[in-house]
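Reading the structure
Listed below are the residues making up each chain.
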Amino acid sequence: MTLDIYDRTKETGELVFPGTRLAVTEEFIGGQGTYTEGNLIYAAVAGKVSINIERHEISVMSKPTTAVIPRNGDIVIGGVVNASRQMITVSINYVNNREIYPNYTMVIHVSQLSKEYLDTVDEAVCLGDIVRAKVIDSKTIPLQGSLIGSQLGVILAKCSRCGSQLDKIGRNKLKCKECSYFEKRSTTIDYGSGKLAFKT
Ligand SMILES: [Zn+2]
């Protein structure tokens, strides 16, 4: 079940993104790089999970940034910073599982969001979503990308009504845990797992 993956406590060394659910407060206290909402601990920064068993503390360590130049075929992860009817703009935080700085920007045309025909962007992706994408043209500025591929698409999304994290309940169907609002996204198989790493 997707829910089990989504709800499980993260392990030491796992790469997580801001907003990834890490653990419950019954199990751990939130350390550096985390924040707590209700009884849940979330990552406040992108980085690797660190667990101190003796202190029951879970933290996220920001990784040192590296200079990486995205190339065609590279897999990137980033947040959707702009969405119009026909394209989205993604601010890239990871290239091939490595955190990068400064951020590159990628645009993805509506025709590259899904194998199925879409009239508008919002049938697949919304502002604020975290996506895993592929670089299809690295010679242009901004880069051109695609979400078409089995491990590509939205990996984390928040409710457009209340801002809570959305749970995946069907292939491209999401539901808000807090307000029960339904939304549609083009999600990856591992949506909500908090796993950023791309397996080849
Ligand atoms: Zn909601």
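Residues numbered from 1 in each chain as written. Predicted model: local features only at pLDDT ≥ 70, side-chain atom pairs only at ≥ 80, totals over all residues. Heavy atoms only, no water.

1. Some thoughts on the overall build of the protein
Helix and strand content of the protein: 1 helix and 16 strands. Radius of gyration (C-alpha) of the protein: 16 Å, near the 16 Å computed for a compact globule of 200 residues. With the principal axes as the frame, the protein shows a C-alpha extent of 50 × 40 × 25 Å. Residues counted as buried form 46% of the 200 residues belonging to the protein. Across the protein, every contact between residues at least 6 apart in sequence was considered, and the portion connecting residues at least 24 apart equals 54%. Looking at the protein as shown, the accessible area adds up to about 10,300 Å², and 52% of this sits on carbon and sulfur atoms. For the protein, the centre of its 24 positive side-chain charges and the centre of its 21 negative side-chain charges are spaced 5 Å apart. (Helix = DSSP H or I, 4+ residues; strand = E, 2+ residues; numbered from the N terminus. Rg over C-alpha atoms; globule rule 2.2 N^0.38 Å. Buried < 20%, exposed > 50% of the residue type's maximum accessible area, 1.4 Å probe, protein only. Contact = heavy atoms within 4.5 Å. Areas by Shrake-Rupley, 256 points an atom, 1.4 Å probe, with all protein chains shown as cover. Lys, Arg positive; Asp, Glu negative; His and termini not counted. Charge placed at Lys NZ, Arg CZ, Asp CG, Glu CD.)

2. Focus on the coordination of the zinc ion
Within the protein, the atoms that donate to the zinc ion are C159 (SG), C162 (SG), C176 (SG) and C179 (SG), at distances of 2.3 Å. Taken together, the 4 donor atoms coordinating the zinc ion span angles of 99 to 120° at the metal, a pattern that classifies the geometry as tetrahedral. Binding-site remark: the zinc ion is held by donors from one chain whose sequence spacing is C-x2-C-x13-C-x2-C. Of this pair, C159 sits in the loop between β13 (153-156) and β14 (166-168) while C176 sits in strand β15 (residues 173-176), placing them 17 residues apart in sequence. By the burial criterion, C159 is buried, and C176 matches it. (Donors = N, O, S within 2.8 Å, 3.2 Å for Na, K, Ca; no water. Tetrahedral: all angles 85-135°; square planar, octahedral: opposite > 155°, others 65-115°.)

3. Topic: the nonpolar core
Core analysis: the biggest nonpolar cluster contains 28 residues, and I88, M106, I108, L113 and V125 have the highest contact counts within it. Of all the secondary-structure elements, those providing two or more residues to this core are β8 (75-83), β9 (87-95), β10 (98-109), β11 (130-137) and β15. When residues in this core are grouped by element, the largest group, 4 residues, is from β9. Sequence-distant contacts of I108, defined by excluding residues within four places in its chain, comprise Q86, M87, I88, V90, L113, A133, G145, S146 and L147. In terms of nonpolar packing, the next biggest core, distinct from the first, is built from 9 residues, L22, A23, I58 and V60 among them. (Core = buried A, V, L, I, M, F, W, Y, C linked by side-chain atoms within 4.5 Å.)

4. Comments concerning the confidence of the model for the protein
This prediction gives the protein a mean pLDDT of 88; 90% of its residues lie at or above 70. Taking the mean pLDDT of every element in the protein, the minimum, 45, falls on helix α1 (residues 2-7) and the maximum, 97, on strand β12 (residues 143-146). Of the regions scoring below 50 in pLDDT, residues 1-6 engages in 11 contacts with residues more than four places distant in sequence or in other chains. (pLDDT = per-residue confidence, 0-100.)

5. What to know about unusual backbone geometry
The omega torsion of the bond from I141 to P142 falls at -5°, within 30 degrees of zero and hence cis. Of note, P142 is situated in the loop between β11 and β12. Positioned with a positive phi, H56 is a non-glycine residue whose angle comes to about 50°. With respect to the element layout, H56 can be found in the loop between β6 (47-52) and β7 (57-61). For H56, a relative accessible area of 47% puts it in the partly exposed group. The phi dihedral of S180 falls on the positive side, at around 60°, and the residue is not glycine. Position of S180 relative to the elements: it lies in the loop between β15 and β16 (182-184).

6. Let's talk about the environment of R21
Locating R21 in the fold gives a position in strand β2 (residues 21-24). With relative accessibility at 8%, the residue R21 sits in the buried group. Put simply, R21 and T9 are 12 residues apart on the chain and 8.0 Å apart in space, counted from C-alpha to C-alpha.

7. Considerations on the domain arrangement of the protein
Domain boundaries assigned for the protein yield domain 1 (8-61) and domain 2 (75-151). Of note, the centres of domain 1 and domain 2, computed from C-alpha atoms alone, are 27 Å apart. Taken together, the 5 residues of domain 1 in the interface contact 6 residues of domain 2. In this assembly, domain 1 packs against domain 2 so that about 410 Å² is buried in total across both faces, 71% of it on carbon and sulfur atoms. Considering only the surface of domain 1 that becomes buried against domain 2, L15, F17 and A46 emerge as the three largest contributors, covering 93% of it. Joining domain 1 to domain 2, the criterion identifies 0 salt bridges. Inspection of the region where domain 1 meets domain 2 yields 1 residue pair in polar contact (both at pLDDT 80 or more). Tallied by class, the residues present in the side of domain 1 that touches domain 2 amount to 4 nonpolar, 1 polar and no charged. (Domains from an automatic or database assignment. Buried area = accessible area lost by both parts, 1.4 Å probe. Salt bridge = Lys/Arg side-chain N within 4 Å of Asp/Glu carboxyl O. Polar contact = N/O pair within 3.5 Å; in protein donor to acceptor, adjacent residues only side chain to side chain. Nonpolar A, V, L, I, M, F, W, Y, C, P; charged D, E, K, R; others polar.)

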